[in-house]
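# Report on the structure
The chain contents come next:
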Amino acid sequence: MEALVAAFAPIWVLTAVGWLAGRTGLLGADAEAVLGRFVFHVAMPAALFTVVARTDLASFADTWVLAFAAGTAVASLLGLLAGRGRGRGAAERTVAVMAAGYVNSGNLGIPVAAQVLGDASFVAPVLLFQVLLVTPVVLAVLDATTGAARPSPAARLRRLALLPLRNPVILGAGLGALSSAAGWRLPGPLAHSADLLGAAAVPAALVTLGLSLHSPPGAAPQRPARGGLAVAVLVKAFGQPLAALAVGTLLLHLPGPQLRAAVLLSALPTAQNVYVYARLYGAAPVLARSAVLVSTVLSMLTLSVIAWSLGGG
């Protein structure tokens, strides 16, 4: 439990810093929007490039990743079904899907894997799966469904084909994958610069999350629909790891360490990236923000139970 507390502490501290900055007006009225754009357009692409470029793409071949992918698919489907019939558009349903199935594999997955599983490298294939497969699909849907005009089929295909060039997150991850596959490395000064920018992504995203918790004076507090939030959090905390457990034991017959990795990493809370994407595209940002916070609190319990019941750490 001590290891989990140590892993969660930076999340709460940096979110609290953001809330305090918003409460005091220290960074100005536009701080949340400006910092959010910085994360999405500058820091996060740099972080994804550096991480993916230094990761062996062959880690995709690990069998246990299939159990994690199955858990993600089940959670995403449940999130999608729960969003139907509630008056949500496609973009809002997409954010609900991410809230239910997109795990915090970066700043929380790495310390949890290192402390509980004893090997931080377990996070690498999860990170690649989300960055190279899930994120492009999600951002493509958000990009296609949040435009004001309805383009023709040809224009829609052209817009989709050019998405990697227009979206810095996909571009950063794609260039990182290309660099990893080709064995390329940035020159020392450029690599150091990319590292510095990438290191700002997680803290800036958490501060942005904290800023979003403060409502301007006179503004009504923004709350998500309780049913939608409850479904997203319950699916994230329980549905996704249970689906990974079922696939890992009944279909793949995974050995102990791989089963622990698949289930434990499936139980990680909703990533703050979900809020960043929702905020940038104007699609259910309140639901995304609340799902990140509530699932993070709940995961301290669920991760501890999983680690104990499956013999981790």
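You'll find the structure just up there.
Residues numbered from 1 in each chain as written. Predicted model: local features only at pLDDT ≥ 70, side-chain atom pairs only at ≥ 80, totals over all residues. Heavy atoms only, no water.

## What to know about the side chain of Thr270
Within the secondary structure layout, Thr270 lies in the loop between α13 (256–266) and α14 (272–281). Of the residues examined, Thr270 reaches a relative accessible area of 0% and is grouped as buried. Side-chain polar atoms of Thr270 contact the backbone oxygen of Ala99, separated by 2.7 Å. In this view, Thr270 contacts Met98, Ala99, Tyr102, Asn104, Lys236, Ala291, Val292, Ser295 and Thr296; residues no more than four positions away in its chain are not counted. (Helix = DSSP H or I, 4+ residues; strand = E, 2+ residues; numbered from the N terminus. Buried < 20%, exposed > 50% of the residue type's maximum accessible area, 1.4 Å probe, protein only. Polar contact = N/O pair within 3.5 Å; in protein donor to acceptor, adjacent residues only side chain to side chain. Contact = heavy atoms within 4.5 Å.)

## Some thoughts on unusual backbone geometry
At His253, a position not held by glycine, the phi torsion is positive, near 50°. The topology assignment puts His253 in the loop between α12 (226–251) and α13. By relative accessible area, which is 60% here, His253 ends up exposed. Non-glycine residue Ala284 carries a positive phi angle of around 50°. Along the polypeptide, Ala284 turns up in the loop between α14 and α15 (285–309).

## Quick look at helix α5 (residues 109–117)
Taken residue by residue, α5 has Gly109, Val112, Ala113, Val116 and Leu117 as its buried positions. Down the axis of α5, the buried set is contained in an arc of 100°. They therefore lie on one face. At the exit of α5 stands Gly118, carrying a positive phi of roughly 80°. (Arc of directions from axis to C-beta.)

Shape is all these values report; function is a separate question.
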